[in-house]
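Chain by chain, the residues:
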Amino acid sequence: MARITSSVYTSHVPAIGAAMDLGKTQEAYWQPLFKGYEFSKQWMKENTPDVVILVYNDHATAFSLEMIPTFAIGTGAHYPIADEGWGPRPVPSVQGHAELASHIAHSVIQDDFDLTIVNEMPVDHGLSVPLSLMCGQPEKWPVKVIPVAVNVVHYPIPSGQRCFKLGQAIRKAVESFDEDLNVQIWGTGGMSHQLQGPRAGLINKEFDNAFMDQLISDPAALAAKPHIDYVRDAGSEGIELVMWLVARGAMKDCAVTDPIAMKDIASRSRKYAGYHRKHRFYHVPASNTAVGHLILEN
Ligand code: DHB
Ligand code: FE
């Protein structure tokens, strides 16, 4: 059977992609940031999965005000790199895993999550920058990718609770796929940032570090945080962090063994907090954003 072996969390700032594409990673501004991902690239080489379920948000690239899916899953075989205004990034296009993606769609929709099924879409920096950070600059991405897009750009946005539960449903779906596949799930976006208005440039280190602590040790409680707290404390774009809860909900300690067992999840998460943390990194700033990064193993 397929299994989720690890989860990865990372910001997806477009300027990080540009720094890699333009050969600027060793410049004084960028060097400390890329240093924090050296461990991750090595870990990724040693733990390359067959498939990454990559939870990200589209930034009005594939979708627009014409059509706003709350949750979308890519069931295609292939996704081109989007042109976000400066031409597509010079990185490989993305191979999907249509069979597993279709199976997840089937299972999760039967579990009452209304996913939009997308067979064709260009993927923007939300998806390509995390791949670059984790895999470097290969000729071809070493993994197949199932894009899961979450609307965090136009209200109403799904709650942290709903995102966490979607992660739990994705775990159940993966574990009922009848093929031996090593699957990782990645949550992207955040951390604190606000790109517009009078508070543009807002960063909140205290919030970000507390978020990472609680994501590791008590994700079920973190999932109850209301939107307004993210927006007040982490800036309008800090709301991207709800996507980290999808990945965290898919970890083993969050598996639903009993529908009323949220209390059990809390005690299991505390118990395993030290054990499954592989890597943690935090750096301010990258462009306008605080960069956070975690690798958690089951
Ligand atoms: C920036 C960060 C983002 O998450 C994004 O989607 C776009 C821009 C930034 O900091 O510049
Ligand atoms: Fe973003």
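Structure first, text after, so check above.
Residues numbered from 1 in each chain as written. Chains lettered and ligands numbered in written order. Predicted model: local features only at pLDDT ≥ 70, side-chain atom pairs only at ≥ 80, totals over all residues. Heavy atoms only, no water.

(A) Representation of the coordination of the iron ion (ligand 2). Those protein atoms acting as donors to the iron ion (ligand 2) are H12 (NE2), H59 (NE2) and E240 (OE), and they sit at 2.0 to 2.2 Å. Donor residues for the iron ion (ligand 2), ordered by position in the chain, follow H-x46-H-x180-E. With H12 in the loop between β1 (3–10) and α1 (14–21) and H59 in the loop between β2 (51–56) and β3 (71–74), this pair connects stretches of sequence that are 47 residues apart. Residue class for H12 comes out buried when judged on its relative accessible area of 3%. Judged by its relative accessible area of 24%, H59 is partly exposed. (Donors = N, O, S within 2.8 Å, 3.2 Å for Na, K, Ca; no water. Helix = DSSP H or I, 4+ residues; strand = E, 2+ residues; numbered from the N terminus. Buried < 20%, exposed > 50% of the residue type's maximum accessible area, 1.4 Å probe, protein only.)

(B) Seen up close, the pattern of salt bridges. In this structure the tally under the stated criterion is six salt bridges. Residue R171 is joined to E175 by a salt bridge in which the shortest nitrogen-to-oxygen separation is 2.9 Å. With R171 and E175 both in helix α6 (residues 160–175) and four residues apart, the pair spans about one turn of that helix. Exposure remark for R171: the relative accessible area of 6% places this residue in the buried category. Here E297 ties to K278 by a salt bridge, and the two come within 3.9 Å at their closest N and O atoms. With E297 in strand β10 (residues 289–297) and K278 in strand β9 (residues 277–286), this residue pair connects regions lying 19 residues apart in the sequence. Among the residues examined, K278 registers a relative accessible area of 41% and is labelled partly exposed. (Salt bridge = Lys/Arg side-chain N within 4 Å of Asp/Glu carboxyl O.)

(C) Highlighting the packing of helix α7 (residues 205–217) against helix α10 (residues 242–249). Across the interface, α7 lies against α10 with an axial gap of 10 Å and an inter-helix angle of 20°. When the axes of α7 and α10 are compared, the pair comes out roughly parallel. Judged by the twist between their axes, the crossing of α7 over α10 is right-handed. Here F211, M212, L215 and I216 of α7 lie close against α10, whose contacting residues are W244, L245 and R248. Residues belonging to the contact of α7 with α10 are distributed by class as follows: six nonpolar, no polar and one charged. (Axes fitted to C-alpha atoms, helices over the stretch in contact; angles between N-to-C directions. Parallel < 35°, antiparallel > 145°, perpendicular 65-115°, else oblique. Left-handed = near helix turned anticlockwise from the far one by under 90°. Contact = heavy atoms within 4.5 Å. Nonpolar A, V, L, I, M, F, W, Y, C, P; charged D, E, K, R; others polar.)

(D) Main features of the site of ligand 1. What surrounds ligand 1 is the set H12, V13, P14, H59, H125, H193, L195, E240, A286, S287, N288 and T289. A distance of 2.7 Å separates an oxygen atom of ligand 1 from a polar side-chain atom of H59. Here H193 contributes a side-chain N or O atom positioned 3.0 Å from an oxygen atom of ligand 1. Protein burial of ligand 1: of its 300 Å² of free accessible surface, 90% is covered by the chains. Classifying every residue of the shell around ligand 1 gives four nonpolar, seven polar and one charged. (Near = heavy atom within 4 Å. Polar contact = N/O pair within 3.5 Å; in protein donor to acceptor, adjacent residues only side chain to side chain. Areas by Shrake-Rupley, 256 points an atom, 1.4 Å probe, with all protein chains shown as cover.)

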